[in-house]
Number of protein chains: 2
Amino acid sequence: MAECIKNMKIRGAQAIGAAAALGLALAAIECKKKEAKEFLDFLKEAASLLKSTRPTAVNLFWAVDRVLGAAIGNSTAEIRRNIIKEVEQIIKEEVECNLRIGKHGSTLIENGMQIQTHCNAGSLATIWYGTALAPIYRSWQEGKRISVIVDETRPRLQGARLTAWELKRVGIPFLIVSDSASGYLMSKGLVDLVIVGADRIASNGDVANKIGTYPLALVAKEHGVPFYVAASSSTIDFSLKSSEDIPIEERSADEVLFVGEKLIPPRGSKALNPAFDVTPAKYIRGIITEFGMFKPRQISKIKRYKA
Amino acid sequence: MAECIKNMKIRGAQAIGAAAALGLALAAIECKKKEAKEFLDFLKEAASLLKSTRPTAVNLFWAVDRVLGAAIGNSTAEIRRNIIKEVEQIIKEEVECNLRIGKHGSTLIENGMQIQTHCNAGSLATIWYGTALAPIYRSWQEGKRISVIVDETRPRLQGARLTAWELKRVGIPFLIVSDSASGYLMSKGLVDLVIVGADRIASNGDVANKIGTYPLALVAKEHGVPFYVAASSSTIDFSLKSSEDIPIEERSADEVLFVGEKLIPPRGSKALNPAFDVTPAKYIRGIITEFGMFKPRQISKIKRYKA
């Protein structure tokens, strides 16, 4: 499971949180230790392996810690049962969050709107229904006629590969564009609304998300296009005052240098491949969560609603 | 030649201007008509074929019209000679322009700077020495220690393919990045200066250039990074008051949908593939030309210096 997360066989903030939780459940199932202490040590080792896979999305740490916190009981069998129950609970809750995000977010979407999204924050990035795509799915289910602009999302092309696949499946019309097309599109009035997902939200409302989100927000601001972030509250890192302390993963240069199997620049060329960037709160019109829509600066108030 | 320009075997504003001029010379050489009028009709037909290849870069129209204007003489042989002379003159002048652009632009570049560029506006986009790359080459020749951030430039990857190749050849250090990385790079202070080329500059200083230039300019503005355009005066369209009338080429959706030979999204997916966008004058610190550096709003004054 750790390998799948690291290599992005599973990706998307909520999905890697759920996958890591399931990874711990697998560890609990596989572990043959009879002593509770040894059993827990084994789980902690698995937890730290899972946590070492990717640094930016906070859901990963949140989910692992939550499952570890549930690892209590008088026998390894009881601990194992509690772990599995907790993982099932996380999965159920997160899907419920997404359905609520869809409901709250769909109030932004009117008939005829063309909505731009970046990367993939749909079912394939979550457990089901997505975060950024949830309001779009909900609006479509409500019968609104909408269309979606899908950023292809270099270097891993999650937009062209995954978001396109999801939208095609549901039947929602979409157009794929290069990530750099936002300026053209918005200057021509082709985008009515932007909704993106999030990998980590700081207490002040700064949002780390897939590389390219921040320039998209700047272009949206320039053209008065409302820019929203959709995320379940598990993506909020209440321990961080601002985005300055969000670790930004740098992935292999080869993801940029090779396109398909082919090396594009001359051999020996170097690339820089930051996987995320940070959009400051001031460029975000609102953050759509399972508790409703929040001004970014108010996002830390959600802490009150959490158990 | 028309086919090569259309299919982007030759690309870059200045290069397609020169190539179209050479295309007319080829037409003049190949044409077997003895009558001056028939000869000229043949040339005009060739000119209109060459002009129909790509709509945005104005150098194409400028060069073709300039060569047509030189198609005078008492015999087809004399007309042919005059055409070839004019084409040779254009090529010589444009290279001189680039050398002057390099000289003027290099005054912006200090030791240790990291300069970002988009697409390819080097030797491979011009005749030699480039426009956006000219100040970089000149600075390197002067012994300044600099490095370059190269936007890969989807969908055709001119940055990763061409700019990287040029810089590698000269020995200038560079890093390739996804087009969407500018926000991350500039927020981390990794870019000191941006220089890009241009495909058409309107009288008010608005600049049409490769798709993605405009978002890059917005990010630069946000972070106080100086944003410059480099172009020879043949790229200025004095007939256009503003960018509103610049035709923006839409290229085949397949350039976005296919990466290498591989279709990325599900079959039947659509893409929008505008090849250029417009950066409004207000986001451009200066335009570097063979006549020196101009504030975008002053660019139409260059008309005075032209014969």
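Not measured: the values here are computed from a predicted model.

Thresholds, definitions, all that
- Residues numbered from 1 in each chain as written.
- Chains lettered and ligands numbered in written order.
- Predicted model: local features only at pLDDT ≥ 70, side-chain atom pairs only at ≥ 80, totals over all residues.
- Heavy atoms only, no water.
- Helix = DSSP H or I, 4+ residues; strand = E, 2+ residues; numbered from the N terminus.
- Buried < 20%, exposed > 50% of the residue type's maximum accessible area, 1.4 Å probe, protein only.
- Polar contact = N/O pair within 3.5 Å; in protein donor to acceptor, adjacent residues only side chain to side chain.
- Contact = heavy atoms within 4.5 Å.
- Buried area = accessible area lost by both parts, 1.4 Å probe.
- Salt bridge = Lys/Arg side-chain N within 4 Å of Asp/Glu carboxyl O.
- Nonpolar A, V, L, I, M, F, W, Y, C, P; charged D, E, K, R; others polar.
- Pairing = 2+ DSSP bridges.
- Least-squares fit on C-alpha atoms with pLDDT ≥ 70 in both.
- Patch = residues over 30% accessible without salt bridge, like charges linked within 9 Å, V, L, I, M, F, W, Y side chains within 5 Å.
- Areas by Shrake-Rupley, 256 points an atom, 1.4 Å probe, with all protein chains shown as cover.
- Axes fitted to C-alpha atoms, helices over the stretch in contact; angles between N-to-C directions.
- Parallel < 35°, antiparallel > 145°, perpendicular 65-115°, else oblique.
- pLDDT = per-residue confidence, 0-100.

Undergrad: Explanation requested: the side chain of S269(B) in the structure shown.
TA: Mapped onto the elements of the fold, S269(B) is located in the loop between strand 10 (262–263) and strand 11 (270–271). Owing to a relative accessible area of 9%, S269(B) belongs among the buried residues under this scheme. A distance of 2.7 Å separates a polar atom in the side chain of S269(B) from the backbone oxygen of P266(B). Ignoring anything within four residues of it in the chain, the contact list for S269(B) reads A164(A), K168(A), F174(A), I176(A) and L257(B).

Undergrad: Explain the environment of G286(A) here, please?
TA: All names here are of chain A. By the secondary structure assignment, G286 is in strand 13 (residues 286–289). The spatial distance from the C-alpha of G286 to the C-alpha of I195 is 9.7 Å, given a sequence separation of 91 residues. Apart from the residues lying within four places of it in its own chain, the contact partners of G286 are F227, Y228, V229, F294 and P296.

Undergrad: For this particular structure, what's the right way to read the interface of chain A and chain B?
TA: Much of the literature gives interface size as the accessible area that the parts lose upon coming together. On the chain B side, the residues contacting the 50 residues of chain A number 50 residues. Regarding the contact of chain A and chain B, the summed buried area is about 3900 Å², with carbon and sulfur atoms giving 68% of it. Linking chain A with chain B are four salt bridges. The residue K282(B) makes a salt bridge to E222(A) at a minimum N-O spacing of 4.0 Å. Across the contact surface, chain A and chain B share 14 residue pairs in polar contact (both at pLDDT 80 or more). Those elements giving two or more residues to the side of chain A that touches chain B turn out to be helix 7 (158–170), strand 3 (174–177), helix 8 (182–187), helix 9 (213–222), helix 10 (254–257), strand 11 (270–271) and strand 12 (276–279) of chain A. Of the residues belonging to the side of chain A that touches chain B, the class tally is 30 nonpolar, nine polar and eleven charged. Alignment of strand 11 of chain A against strand 3 (residues 174–177) of chain B, held across two bridges, turns out to be parallel. Each bridged residue has a counterpart across the sheet, and for K270(A) the counterpart in strand 3 of chain B is L175(B).

Undergrad: Got a minute to help me understand the relation of the copies chain A and chain B in this structure?
TA: One copy of the chain maps onto the second through a rotation about an axis and a displacement along it. Rotating chain A by 180° and translating it 0.0 Å along the rotation axis places it on chain B, where the RMSD comes to 0.0 Å. Here the symmetry operator amounts to a two-fold rotation axis. Here 100% of the interface residues in chain A have copies in chain B that are interface residues too; the copies meet face to matching face.

Undergrad: I tried to follow a nonpolar patch on the surface on my own but got confused; where do I start?
TA: On the surface, a cluster of nonpolar side chains totalling about 320 Å² of accessible area is made up of M1(A), L22(A), L26(A) and I29(A). Mapped onto the elements of the fold, L26(A) is located in helix 2 (residues 13–30).

Undergrad: How do you make sense of the packing of helix 9 of chain A against helix 9 (residues 213–222) of chain B when you look at a structure like this?
TA: When two helices pack together, you describe them by how their axes are tilted relative to each other and by the distance separating the axes. Direction vectors running N to C along helix 9 of chain A and helix 9 of chain B enclose 90°, while the axes themselves pass 9 Å from each other. Viewed along their axes, helix 9 of chain A and helix 9 of chain B adopt a mutual orientation that is roughly perpendicular. Along its contact with helix 9 of chain A, which presents Y214(A), P215(A), L218(A), V219(A) and E222(A), the element helix 9 of chain B presents Y214(B), P215(B), L218(B), V219(B) and E222(B). A breakdown of the residues in the contact of helix 9 of chain A with helix 9 of chain B according to their chemical character gives eight nonpolar, no polar and two charged.

Undergrad: Even after reading the chapter, I still don't get the confidence of the model for chain A, so can you show me in this structure?
TA: Note that predicted coordinates carrying low pLDDT should not be read in detail. Summary statistics for chain A give a mean pLDDT of 97 and a share of 100% for residues scoring 70 or more. What the predictor reports for the complex is a pTM of 0.97 with an ipTM of 0.96.

Undergrad: Looking at this model, I keep getting lost on the side chain of S203(B). Mind explaining?
TA: Residues and elements named next belong to chain B. Turning to its location among the elements, S203 is positioned in the loop between strand 5 (200–202) and strand 6 (207–210). Of the polar contacts made by the side chain of S203, one reaches the backbone oxygen of F238; its length is 3.0 Å. Not counting residues up to four positions away in its chain, the partners in contact with S203 are D237, F238, L240, K241, P296, I299 and S300.

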